[in-house]
Amino acid sequence: MFVLQKQLSVLNVPSSRVAMLYRSGTDIQLALPDLPSQMASAFMVLLKGGGKIQVLVGLYMVQSCCSIFYVSDAGEVAAEQADLELEDGLVFAEAMGFVLNDVELDRMTAEQRETYWQGLPICQRQAPMAAQAKAEAQVRAEAQAKAEAQAKAEAQAKAEAQAKAEAQAKIDLEVKRQVLKEQLGKFLASL
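Now for a description of the structure that goes with this document. Bear in mind the structure is a predicted one, so any value in this text is a computation, not a measurement.

Next up on the list: the overall build of the chain. The number of helices and strands found in the chain is three helices and eight strands. Each helix and strand of the chain, ordered N terminal to C terminal, gives the series β-β-β-β-β-β-β-α-β-α-α. Scaling as 2.2 N^0.38, a compact globule of 191 residues should have a C-alpha radius of gyration of about 16 Å, whereas the chain reaches 32 Å, well beyond that. When the backbone C-alpha atoms are referred to their principal axes, the chain occupies close to 120 × 35 × 35 Å. For the chain, the residues scored as buried account for 30% of the 191 residues in total. Considering only residue pairs separated by 6 or more positions, the chain has 65% of its internal contacts joining residues 24 or more positions apart. If you sum the accessible surface of the chain, you get close to 12400 Å²; carbon and sulfur atoms cover 56% of it. One finds the centroid of the 19 positive side-chain charges in the chain at a distance of 13 Å from the centroid of its 24 negative side-chain charges.

Moving on, we get to the nonpolar core. Counting residues in each nonpolar core, the largest one holds 24 residues, and the members touching the most others are Met 44, Leu 59, Tyr 70, Phe 98 and Leu 100. Secondary-structure elements contributing two or more residues to this core are β3 (28–30), β4 (38–49), β5 (52–61), β6 (66–72) and α1 (82–95). For Leu 59, the contacting residues outside a window of four places in its chain are Leu 30, Leu 32, Ser 41, Ala 42, Cys 66, Ser 67, Ile 68, Tyr 70, Met 96 and Phe 98. Within the second largest apolar cluster, 18 residues are counted, among which are Cys 65, Val 103, Trp 117 and Ile 122.

Let us now look at a nonpolar patch on the surface. A cluster of nonpolar side chains, Leu 184, Phe 187, Leu 188 and Leu 191, forms an exposed patch at the surface whose accessible area comes to about 470 Å². Note that Leu 191 resides in the segment after α3 (128–190).

Moving on, we come to the environment of Leu 105. You can see Leu 105 is positioned in the loop between β8 (100–102) and α2 (110–119). A C-alpha to C-alpha distance of 25 Å links Leu 105 and Gln 5, two positions 100 residues apart in sequence. Not counting residues within four places of it along the chain, the set of residues in contact with Leu 105 comprises Val 18, Leu 21, Arg 113 and Tyr 116.

This part takes up the packing of aromatic side chains. For the coordinates displayed, the defined rule picks out two aromatic pairs. Each ring, one from Phe 2 and one from Phe 92, has its centre 5.1 Å from the other, and the planes form 20°; the classification is stacked. With Phe 2 in strand β1 (residues 2–4) and Phe 92 in helix α1, the pair connects residues that are 90 residues apart, well separated along the chain. For the pair formed by Phe 2 and Phe 92, the shared burial category is buried. One aromatic cluster is present, built from ring pairs that chain together Phe 2, Tyr 70 and Phe 92.

Next up on the list: the pairing of strand β2 (residues 18–24). Where β2 lies against β4, five bridges are found, and the strand directions are antiparallel. What sits directly across from Arg 23, in β4, is Phe 43. Alignment of β2 against β8, held across three bridges, turns out to be antiparallel. Bridging from a neighbouring strand, Tyr 22 pairs with Asp 102 of β8.

Within the secondary structure, Phe 43 is located in strand β4. When its relative accessible area of 0% is taken as the criterion, Phe 43 is described as buried. Taking the C-alpha atoms as reference, Phe 43 lies 5.0 Å from Gly 58; in sequence the two are 15 residues apart. When neighbours within four sequence positions are excluded, Phe 43 is seen to be in contact with Tyr 22, Arg 23, Leu 56, Val 57, Gly 58, Tyr 60, Leu 120, Pro 121 and Ile 122.

For the coordinates displayed, the defined rule picks out two salt bridges. Here Arg 107 ties to Glu 104 by a salt bridge, and the two come within 3.0 Å at their closest N and O atoms. Residues Glu 174 and Arg 177 are paired through a salt bridge, measuring 3.2 Å at the closest nitrogen-oxygen approach. Taken together, the residues span about one helical turn, with Glu 174 and Arg 177 both in helix α3 at a distance of three residues. We classify Arg 177 as partly exposed; its relative accessible area is 42%.

Basis of the calculations
Residues numbered from 1 in each chain as written. Predicted model: local features only at pLDDT ≥ 70, side-chain atom pairs only at ≥ 80, totals over all residues. Heavy atoms only, no water. Helix = DSSP H or I, 4+ residues; strand = E, 2+ residues; numbered from the N terminus. Rg over C-alpha atoms; globule rule 2.2 N^0.38 Å. Buried < 20%, exposed > 50% of the residue type's maximum accessible area, 1.4 Å probe, protein only. Contact = heavy atoms within 4.5 Å. Areas by Shrake-Rupley, 256 points an atom, 1.4 Å probe, with all protein chains shown as cover. Lys, Arg positive; Asp, Glu negative; His and termini not counted. Charge placed at Lys NZ, Arg CZ, Asp CG, Glu CD. Core = buried A, V, L, I, M, F, W, Y, C linked by side-chain atoms within 4.5 Å. Patch = residues over 30% accessible without salt bridge, like charges linked within 9 Å, V, L, I, M, F, W, Y side chains within 5 Å. Salt bridge = Lys/Arg side-chain N within 4 Å of Asp/Glu carboxyl O. Phe/Tyr/Trp six-rings, centres within 6.5 Å; stacked < 30°, edge-to-face > 60°. Pairing = 2+ DSSP bridges.

Written as structure tokens, this is what we have:
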């Protein structure tokens, strides 16, 4: 079982301590307590040290620009139990809807590995101002998209109204022509 670690907000460990790393292929919509529903990505990390391992599942909440961490309630366990802990972590992440894939850090050079690790959002401290600016930018982008959609809908409605008016004008013209033909026919018949 995995439990929420409220005091943990960023993984500040060197990549050399990371035995395995799994990452979600896509972001999914997730609702967590005290946060608005938003897109999130998941990471499962197997940390090693002192002959023991520890599994954590990190969630990066895109809109809130924050990381949420869950740690195995078994804490640090002997390396022989790594497979069992890893399986529990995969089941925990999959229960939320994530599909995790092995990043295969062991295929990277030490420099590539460190660069990749430090570039992950769960390893970066998010400045509150940056998070707020990002949230405000997203709100502005959504408002602009909504305004553009409304303008497009209004333009489409105007075009439809104009097309309808033109169609009605054609019908009116045909009716007038028919009336003129009938009146002309009556006039010619009276001669």
